[in-house]
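Chains, contacts and geometry: an overview
These are the residues of each chain, in order.
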Amino acid sequence: MSTAPPTTTDEAPRPPAPASSPSRWAPLRPLVLRLHFYAGLLVAPFLLIAAATGFLYACSYQAEKLLYSHELTVPVGPTEVPVSEQVAAARKAHPEGTVSAVRPAPAADATTRVLLTGVPGVDPGHTLAVFVDPYTGTVRGALEQYGTSGALPLRTWIDEFHRDLHLGDPGRLYSELAASWLWVIAGGGLVLWFSRRRALRKVRGTSGRRRTLGLHGSVGVWAAAGFVFLSATGLTWSTYAGANIAELRTSLGQATPEVSAAAAGGEHAGHGAGAGTGGDAAHGVGLDTVLAAARAQDLSDPVEIVPPADADSAYVVKQIQRSWPEKQDAVAVDPATGQVTDVLRFDDYPLLAKLSRWGIDLHSGSLFGIVNQIALALLALALVLLILWGYRMWWQRGRGSAFGRPIPRGAWAQVSPYVLVPALAATAVLGYFVPLLGIPLAAFIAVDIVLGEIAHRRERRA
């Protein structure tokens, strides 16, 4: 009868490792997963529209240069005619309306823009830009223009579609809803991705729902920082959250300053730099002297000259370069003497005002030119793919009658009060300042509670 060899110490069975106590944060994962599911399912259509129109807007800069090349560019000539003569040529061709601003040619091959307001047939919020050859004074055309970036009809149409679907103020709710939830969905996706086991993150060699999940998670991780940035900067000029942000900046002394447009000895100070109703723009010393005074203060191209708003106001000359490095200096020039009465440097802006300027310009694709626009286009495409993969996972998750079933309820009951109460308080505060996040979130919770109670009562009856 043979006997088994003695068991050595190394081969002796080891006692089972004690079970690690679950982290108080662990029960939050199912909550994040459920929120990510509902937000992705219900907010994704708005995000899809924002992503598609954002992609078009990123491409519109280069399309605008091609489509309006005749108005925007000219052959380089030997000498430029005075700005006042260029404005006179524009007024001769277009005597309607009043001159609200003049943008001298910013480059050797660029045209001068004379901006007119109150022109019949032009949207009251837009201007008519008359393009003048700075070397000959010939008018090369006129196009409707919108905003400080000088968007022409193509980019204006896409911009308004992206912002409000051409529905005006009510339509802006869609874009604010998308911006309010984008960072939540991106942040939730990051938490879910990094809380998964590394072996489950693979894409290569997988198929079905697991492959879709891998693609969704991998692309989402790489693009998450960009989504959070787009969400934050998009909220800065939204209707409700944007107003709260502006109020907060003002209370902290971080509002964007403006150069004083009061003429020397004038009774009225503080006119906005953008307000100009100067008719033919010929006031006092004239445009050429005013531009020379601004040049003496190191205001290089591109600049915009705004005529005095009334008899007590000064000319305002401000730099309008939104690409890096930003040029945002501004001066006020007395129309009677041609003397500079106020100077505002971008270097003197409060920190939050600078960050807001940089953030908006980066969001809109002007800060780093074509590189910026390509990055935005790639982010938009990534968001479109993520949404499509998300809906595909929803489809693949279905089993029989439980098509697209969500994550089971009840996870919140497992969360420690020390975690749940502060999280709820922070969510309530955030929802107050970002109402298009707070209101839908409250609606999600209310509907989920009602559905859960209905399901619970059915189970009890069964």
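Residues numbered from 1 in each chain as written. Predicted model: local features only at pLDDT ≥ 70, side-chain atom pairs only at ≥ 80, totals over all residues. Heavy atoms only, no water.

Residue placement: Leu173 occurs in helix H5 (residues 172–195). The class for Leu173 is partly exposed, based on a relative accessible area of 36%. Once the C-alpha coordinates of Leu173 and Arg163 are considered, the two residues, ten residues apart in sequence, prove to be 9.0 Å apart. Not counting residues up to four positions away in its chain, the partners in contact with Leu173 are Tyr240 and Leu436. (Helix = DSSP H or I, 4+ residues; strand = E, 2+ residues; numbered from the N terminus. Buried < 20%, exposed > 50% of the residue type's maximum accessible area, 1.4 Å probe, protein only. Contact = heavy atoms within 4.5 Å.)

Right, let's get into helix H11 (residues 417–433). Structurally, the α-helix is built with 3.6 residues per turn, so residues lying three or four positions apart point the same way. In this model, H11 (17 residues) spans 24 Å end to end at C-alpha, consistent with the 24 Å of a helix rising 1.5 Å per residue. Along H11, the residues classified as buried are Val419, Leu420 and Gly431. The buried residues of H11 occupy an angular sector of 90 degrees when projected down its axis, which confines them to one face. Along H11, the residues that are exposed and aim more than 90 degrees away from the buried face are Pro417, Tyr418, Val421, Ala428 and Tyr432. (Expected span 1.5 Å × (residues − 1). Arc of directions from axis to C-beta.)

Within the secondary structure, Trp183 is located in helix H5. Separated by 49 residues in the primary sequence, Trp183 and Ala232 have C-alpha atoms spaced 7.7 Å apart.

Cis geometry is found at the peptide bond from Asp301 to Pro302, where omega equals 0 degrees. Mapping Pro302 onto the fold places it in the loop between helix H8 (287–296) and strand S5 (303–306). Residue Trp324 is joined to Pro325 through a cis peptide bond whose omega torsion reads -5 degrees. Tracing the sequence through the fold places Pro325 in the loop between strand S6 (315–319) and strand S7 (330–333). At Leu165, a position not held by glycine, the phi torsion is positive, near 60 degrees. With respect to the secondary-structure elements, Leu165 resides in the loop between helix H4 (153–164) and H5. Take Leu165: its relative accessible area is 24%, and that puts it in the partly exposed class.

Let's shift gears to helix H12 (residues 435–461). Here H12 spans 39 Å end to end across 27 residues, near enough to the 39 Å set by a 1.5 Å rise per residue. Among the residues of H12, those classed as buried are Pro435, Leu436, Leu437, Gly438, Pro440, Leu441, Phe444, Asp448 and Gly452. At its buried positions, H12 is contacted by helix H1 (28–67), H5, helix H7 (240–251) and H11.

On to the side chain of Asp334, then. Relative to the assigned elements, Asp334 resides in the loop between S7 and strand S8 (340–344). It is Arg345 that comes nearest to the buried, bridge-free Asp334 among opposite-charge side chains, at 18 Å. Contacts of Asp334, omitting those with residues within four sequence positions, involve Ala263, Ala264, Val285, Ala314, Gln339 and Thr341. (Lys, Arg positive; Asp, Glu negative; His and termini not counted. Salt bridge = Lys/Arg side-chain N within 4 Å of Asp/Glu carboxyl O.)

Pairing analysis gives six bridges linking strand S3 (residues 127–132) to strand S4 (residues 139–145), with the strands arranged antiparallel. Its bridge partner being in S4, Ala129 is matched across the sheet by Leu143. Counting the residues in the hairpin turn of S3 and S4 gives six residues, including Gly137, whose phi is positive at 80 degrees. (Pairing = 2+ DSSP bridges.)

Attention now goes to the pattern of salt bridges. Going through the model one piece at a time under the given rule, you end up with eight salt bridges. Here Lys318 makes a salt bridge to Glu304, at a shortest N to O gap of 3.7 Å. Residue Lys318 is found in strand S6, and its partner Glu304 is found in strand S5; the two are separated by 14 residues along the sequence. Residue Lys318 is classed as buried on the basis of its relative accessible area, which comes to 18%. According to the relative accessible area criterion, Glu304 is buried, its value standing at 8%. Among the salt bridges present, the one from Asp329 reaches Arg345, with a minimum N-O distance of 3.2 Å. Of this pair, Asp329 sits in the loop between S6 and S7 while Arg345 sits in the loop between S8 and helix H9 (351–364), and the two are 16 residues apart along the sequence. Judged by its relative accessible area of 22%, Arg345 falls in the partly exposed class. Sharing partners across several salt bridges, the network here consists of Arg103, Glu304 and Lys318.

Note that every value here comes from positions in space, so none of it alone points to a role or purpose.
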